[in-house]
Each structure stands twice: as structure tokens, then as C-alpha cells.
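# Report on the structure
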Amino acid sequence: MSRKALLLVHTNAAGPDKEDEYRRWYDEVHIPQLLERIPGIVRAARYLASPDGPPVSERYLAIYEIEADDPAAVLKEINKAAASGRLDLTPAMDTSKPPVMALYEPAHLS
């Protein structure tokens with residue numbers, strides 16, 4: 001049975017001079033590739049931390065909607081695809097530390 005989940009990914013550009021390149025890559029390359037190449041990802045959106053909010057260490061948040069029998073397997077597939085070169089990566093993304101990723105499933109009252 002298919003289950004719904006959200007994958008939240010926090011990242012940064014490699015530097016102020018890489019912001020435009022990073023944004024273009026994320027919107028024009030990365031999100032389309034994930035939607036096309038990773039079964040179970042049905043929607044994606046990217047957000048920028050508001051300058052009016054509290055300070056955060058990662059400026060960008062991507063939210064991926066997942067519908068799959070095993071949402072955790074979708075996350076594993078993303079990591080495998082990135083490691084194997086099936087997803088195009090960019091030097092415009094800060095790789096000094098791995099992206100902060102978290103998988104959330106609906107909370108149900110018992």
C-alpha cells in the first residue's frame with residue numbers, strides 16, 4: 001500500500017558568488033531529474049529562508065512529496081542515484097558538509 005511522506009532537505013550555495021548558479025541548477029536540473037528519475041517523488045518545491053525569520057545555518061529548504069510503499073527506500077534511491085552519477089550535481093552547492101535530510105510521515109493519533 002502506498003504511503004505518503006515528506007522529505008525535507010536543507011542546503012546552501014557554495015558561496016555568495018554561486019547563488020545564481022545554484023538556484024538555476026536546483027530549479028532547472030535537480031528537481032526535474034528527481035521527479036523524472038526517482039520513482040515515488042511526486043512533487044517538489046524549494047524555499048529560501050526569510051531574512052525576517054530567525055537565523056538558520058542552511059538558507060535553502062527543498063520539500064519533496066513522496067508516495068511509495070516504502071518512503072525510506074525512495075531516500076536511499078536518491079542517495080544511490082547521486083553517488084552513481086545518475087543525478088547531475090553542481091559545484092555551486094556547498095559540499096563542505098552533507099545536506100541535512102529528514103523524512104517525515106503523517107502522524108496519526110492513537
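Remember, it's a predicted structure, so these values are computed and weren't measured experimentally. (Residues numbered from 1 in each chain as written. Predicted model: local features only at pLDDT ≥ 70, side-chain atom pairs only at ≥ 80, totals over all residues. Heavy atoms only, no water.)

## Focus on the nonpolar core
The criterion, for reference: Residue types Ala, Val, Leu, Ile, Met, Phe, Trp, Tyr and Cys, when buried and joined through side-chain atoms within 4.5 Å, form a set referred to as a nonpolar core. Here's how the labels work: a residue is buried when its accessible area is under 20% of the maximum for its type, exposed when over 50%, partly exposed in between, all with a 1.4 Å probe on protein chains only. Secondary structure elements are defined from DSSP: runs of H or I of at least 4 residues count as helices, runs of E of at least 2 residues count as strands, and each element is numbered from the N terminus. The contact criterion used throughout is that any non-hydrogen atoms of two residues lie within 4.5 Å.
With 23 residues, the main nonpolar core has Tyr22, Tyr26, Ile41, Tyr64 and Ile78 as its most contacted residues. Among the secondary structure elements, those contributing two or more residues to this core are β1 (3-11), α1 (19-37), β3 (60-68) and α2 (71-84). Excluding anything up to four places from it in sequence, Tyr64 contacts Ala5, Leu6, Leu7, Val9, Tyr26, His30, Ile31, Leu34, Ile41, Arg43 and Ala44.

## Details of the layout of surface pockets
The following threshold applies: With a 1 Å grid laid over protein atoms only, a set of points is called a cavity when a 1.4 Å probe fits there but cannot get out and a pocket when it is open yet has protein on both sides within 12 Å along at least five of seven lines; lining residues have an atom within 4 Å of a point. Grid points are joined across faces, edges and corners, and a volume is the space filled by probe spheres set on the points. In the scheme used here, Gly and all other residues not listed as nonpolar or charged are polar, with Ala, Val, Leu, Ile, Met, Phe, Trp, Tyr, Cys and Pro taken as nonpolar and Asp, Glu, Lys and Arg as charged.
Space inside the largest pocket adds up to approximately 320 Å³. Along its surface, the largest pocket is lined by 18 residues, and His30, Ala82, Leu89, Met93 and Pro99 are the ones closest to its centre. Residue assignment for the lining of the largest pocket shows that the elements contributing at least two residues are β1, α1 and α2. It is α1 that provides the largest number of residues to the lining of the largest pocket, a total of 4 residues. Lining of the second largest pocket is provided by His10, Tyr47, Leu48, Ala49, Ser50, Gly53, Pro54, Val56, Glu58, Arg59, Tyr60 and Leu61. Those elements that provide at least two residues to the lining of the second largest pocket are β2 (41-48) and β3. Broken down by class, the residue content of the lining of the second largest pocket amounts to 7 nonpolar, 3 polar and 2 charged.

## Observations regarding the packing of aromatic side chains
For any pair of aromatic rings, the description rests on two quantities: the centre-to-centre distance and the angle between the ring planes. The following threshold applies: We call Phe, Tyr and Trp rings a pair once their centres come within 6.5 Å, taking the six-membered ring for Trp, and we label the pair stacked below 30 degrees between planes, edge-to-face above 60, and tilted otherwise.
Inspection of every chain in the model, using the stated rule, returns 4 aromatic pairs. Seen in terms of ring centroids, Tyr22 and Tyr26 are 5.6 Å apart; in terms of plane orientation they differ by 65°. Their pairing is edge-to-face. With Tyr22 and Tyr26 both in helix α1 and 4 residues apart, this pair spans about one turn of that helix. Relative to Tyr26, the ring of Trp25 has its centre 5.2 Å away and its plane inclined at 80°; by these criteria the two rings are edge-to-face.

## So, α1
Here is the rule: Expected helix span is taken as 1.5 Å per residue step, with the number of steps being one fewer than the number of residues. What is called the bend at a residue is the angle between a pair of axes, fitted to the seven residues leading up to and ending at it and to the seven starting from it.
Here α1 is 19 residues long and its end C-alpha atoms lie 25 Å apart, about the 27 Å a rise of 1.5 Å per residue gives. At Tyr26, α1 shows its largest kink, close to 40°. Those residues of α1 that sit buried are Glu19, Tyr22, Trp25, Tyr26, His30, Ile31, Gln33 and Leu34. Those residues of α1 that are buried are in contact with β1, β2, β3 and α2.

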